[in-house]
Amino acid sequence: MKILIIGGSGLLGYKTAKLAVKLNHDVFITYLLRPMKIEGSTAFKLDKCERDSVFSLFEKVKPEVVIDTAALHNVNYCEAHKDEAWKVNVEGTRNVAEACKKINGKMIFISTDYVFDGKKGFYNENDEPNPLNYYGKTKLEAEKILRSLELEYLIARTSVIYGWNPSEISGLKSSSGKSMNFVIWTLKKLRNKEPVQIVTDQFSSPTLADNLAEVLLVMASSNKSGVYHTAGKSCLNRYEFALKIAEIFNLDKNLIKPTTSDVFKQVAERPKRCCLDVNKAEKDFGVKFLTVEQGLHEMKKQEP
Ligand SMILES: NC(=O)c1ccc[n+]([C@@H]2O[C@H](COP(=O)([O-])OP(=O)(O)OC[C@H]3O[C@@H](n4cnc5c(N)ncnc54)[C@H](OP(=O)(O)O)[C@@H]3O)[C@@H](O)[C@H]2O)c1
């Protein structure tokens with residue numbers, strides 16, 4: 001399959017591209033601020049906000065499948081920079097979707113559990129989105145664009161992605177505004193013996209990037225369409241997640257102190273119970289999502 005991965009320098013895009021090369025697909029990737037080379041793939045610099053550049057790249061590559069992982073997803077940054085968040089996450093995604101339609105490609109768009117308000121928890125694909133913060137609003141708006149175009153598409157909603165990322169290797173900061181995922185941040189703190197305060201009132205379904213990459217490539221070759229929840233199998237709060245990290249990497253759990261969101265007062269409101277029900281994706285694609293224990297053990301095995 002000819003696959004174009006937008007955001008190949010990001011955690012999920014990088015893992016997906018590496019696996020796609022291994023599986024002998026014809027792989028093309030894009031990066032923005034962090035030049036990225038993945039052996040066996042062809043890389044292009046691309047800003048998805050530049051409509052003409054998006055269209056000309058699609059005409060040149062003519063991918064059968066486009067996996068769009070690129071976004072501004074620093075939630076507080078999006079709240080404070082709404083125009084920029086809209087431009088990248090909504091208008092940029094529109095450019096990708098319309099260019100994809102023009103070349104008759106299929107698009108897989110990565111969305112988020114933050115499209116939900118976190119009041120119900122364990123959301124399935126029939127639950128009504130109601131984002132609390134601006135980042136969630138932009139991702140939901142992008143989902144609507146995909147639905148409104150007559151385009152072959154899949155929306156993969158995911159949650160708290162973790163894994164060894166390319167920034168760890170390159171040291172360069174991403175244009176997404178994030179360069180460290182929660183597991184890497186926690187490992188750094190605990191290994192430096194620094195105490196950390198972690199909230200007990202935000203539940204999610206942490207997702208190993210490698211696991212999601214596998215699922216995305218199965219989705220890419222399927223004939224299904226529509227929205228899918230694609231996340232880790234465990235539902236736990238951030239404090240419990242941090243304790244699991246300490247346990248599996250043999251670090252001092254006593255450095256992790258529980259706290260609650262109201263103590264932190266973050267710029268953007270976070271939904272409290274955002275776990276995703278992944279049964280539909282497991283059934284339709286014949287895939288398995290990992291628990292947090294399985295994912296962290298896998299990450300430990302891969303430590304660079
Ligand atoms: N991370 C999470 O916990 C999480 C949770 C739920 C959903 N998601 C969604 O999952 C997707 C992947 O997340 P991730 O953690 O892999 O992200 P990431 O590591 O921060 O990577 C983001 C990628 O997007 C690229 N990018 C940013 N702005 C761009 C633009 N204007 N044009 C083209 N490329 C641009 C970055 O390029 P450079 O680095 O080269 O600048 C990078 O390759 C995102 O869509 C995010 O919304 C993430």
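Scroll up to find the structure.
I will try to describe carefully the structure that is included in this document. Keep in mind the model is a prediction, meaning the values are calculated, not measured.

## With respect to the overall build of the protein chain
Link 1 in the chain: Scanning the protein chain from terminus to terminus reveals twelve helices and 13 strands.
Link 2 in the chain: Projecting the C-alpha coordinates of the protein chain onto the three principal axes gives extents of approximately 55 × 40 × 40 Å.
Link 3 in the chain: In the protein chain, buried positions account for 58% of the 304 residues.
Link 4 in the chain: In the protein chain, the share of contacts with a sequence separation of at least 24, taken over all contacts with a separation of at least 6, comes to 76%.
Link 5 in the chain: When the accessible surface of the protein chain is summed, it comes to about 13,400 Å², and 48% of that surface belongs to carbon and sulfur atoms.
Link 6 in the chain: Of the charged side chains in the protein chain, 45 are positive and 38 negative; the average position of the first set lies 2 Å away from that of the second.

## Quick word on helix H4 (residues 82-102)
Link 1 in the chain: Between its first and last C-alpha atoms H4 spans 29 Å; for 21 residues at 1.5 Å apiece the expected length is 30 Å, and the two agree.
Link 2 in the chain: Those residues of H4 lying buried are Ala85, Val88, Asn89, Val90, Gly92, Thr93, Asn95, Val96, Ala97, Ala99 and Cys100.
Link 3 in the chain: Its buried side turned inward, H4 meets helix H2 (51-61), strand S4 (65-68), helix H3 (75-80), strand S5 (106-112) and helix H5 (134-148).
Link 4 in the chain: Positioned one or two residues after H4, Asn104 has a phi angle of 60 degrees, which is positive.

## Observations regarding the pattern of salt bridges
Link 1 in the chain: Evaluation of the coordinates by the stated rule reveals 19 salt bridges.
Link 2 in the chain: Measuring nitrogen to oxygen at the nearest pair gives 2.9 Å for the salt bridge that ties Arg191 to Glu303. Here the residue Arg191 occupies a position in helix H7 (residues 182-191), and Glu303 occupies one in the segment after helix H12 (292-301), the gap between them amounting to 112 residues.
Link 3 in the chain: The exposure class of Arg191 is partly exposed, given its relative accessible area of 37%.
Link 4 in the chain: Each member of the salt-bridge network shares a partner with another, and the members are Arg51, Glu91, Arg94 and Glu98.

## Things to note about helix H8 (residues 209-220)
Link 1 in the chain: If you check H8, its first and last C-alpha atoms are 16 Å apart, about what twelve residues at 1.5 Å a residue would give, namely 16 Å.
Link 2 in the chain: Buried within H8 we find Ala209, Asp210, Asn211, Leu212, Ala213, Val215, Leu216, Leu217, Met219 and Ala220.

## Observations concerning the state of the cysteines
As used in these notes, a disulfide is a covalent bond between sulfur atoms, one from each of two cysteines.
Link 1 in the chain: Inspection of the entire model under this criterion finds one disulfide.
Link 2 in the chain: Two residues, Cys235 and Cys275, share a disulfide whose sulfurs are 2.0 Å apart. Residues Cys235 and Cys275 share a disulfide whose torsion about the S-S bond is about 80 degrees; that sign makes it right-handed. Of the two residues, Cys235 sits in the loop between strand S11 (226-229) and strand S12 (236-237) while Cys275 sits in the loop between helix H10 (261-264) and helix H11 (279-285), which places them 40 residues apart along the sequence.
Link 3 in the chain: Here Cys78 stays unpaired: no disulfide links it, and the sulfur of Cys49, its closest cysteine neighbor, is 12 Å away.
Link 4 in the chain: Summary of cysteine pairing: Cys100 is not part of a disulfide, and the nearest cysteine sulfur, belonging to Cys49, is at 17 Å.
Link 5 in the chain: Residue classification places Cys100 among the buried positions, given a relative accessible area of 0%.

## Examining the sheet that holds strand S3 (residues 41-45)
Link 1 in the chain: Taking strand neighbours across the sheet as the criterion, the seven strands line up as S3-S2-S1-S4-S5-S6-S11 in an open arrangement whose pairing is parallel. Both outer strands of the open sheet, S3 and S11, are each paired with one neighbouring strand and no more. In this sheet, adjacent strand axes meet at a mean angle of 20 degrees when their direction is disregarded.
Link 2 in the chain: Pairing of strand S1 (residues 2-6) with strand S2 (residues 26-31), which is carried by four bridges, proceeds in the parallel orientation. Within S2, the residue paired with Leu4 across the bridge is Phe28.

## Description of the environment of Arg273
Link 1 in the chain: Along the chain, the position of Arg273 falls in the loop between H10 and H11.
Link 2 in the chain: Overall, the relative accessible area of 42% leaves Arg273 in the partly exposed class.
Link 3 in the chain: Through-space distance from the C-alpha of Arg273 to that of Ala70 is 25 Å; in sequence the pair is 203 residues apart.
Link 4 in the chain: Ignoring any residue separated from it by four or fewer positions in sequence, one finds Arg273 in contact with Gly118, Gly121, Tyr123 and Phe203.

Criteria and cut-off values
Residues numbered from 1 in each chain as written. Predicted model: local features only at pLDDT ≥ 70, side-chain atom pairs only at ≥ 80, totals over all residues. Heavy atoms only, no water. Helix = DSSP H or I, 4+ residues; strand = E, 2+ residues; numbered from the N terminus. Buried < 20%, exposed > 50% of the residue type's maximum accessible area, 1.4 Å probe, protein only. Contact = heavy atoms within 4.5 Å. Areas by Shrake-Rupley, 256 points an atom, 1.4 Å probe, with all protein chains shown as cover. Lys, Arg positive; Asp, Glu negative; His and termini not counted. Charge placed at Lys NZ, Arg CZ, Asp CG, Glu CD. Expected span 1.5 Å × (residues − 1). Salt bridge = Lys/Arg side-chain N within 4 Å of Asp/Glu carboxyl O. Disulfide = S-S within 2.5 Å. Pairing = 2+ DSSP bridges. Axes fitted to C-alpha atoms, helices over the stretch in contact; angles between N-to-C directions.

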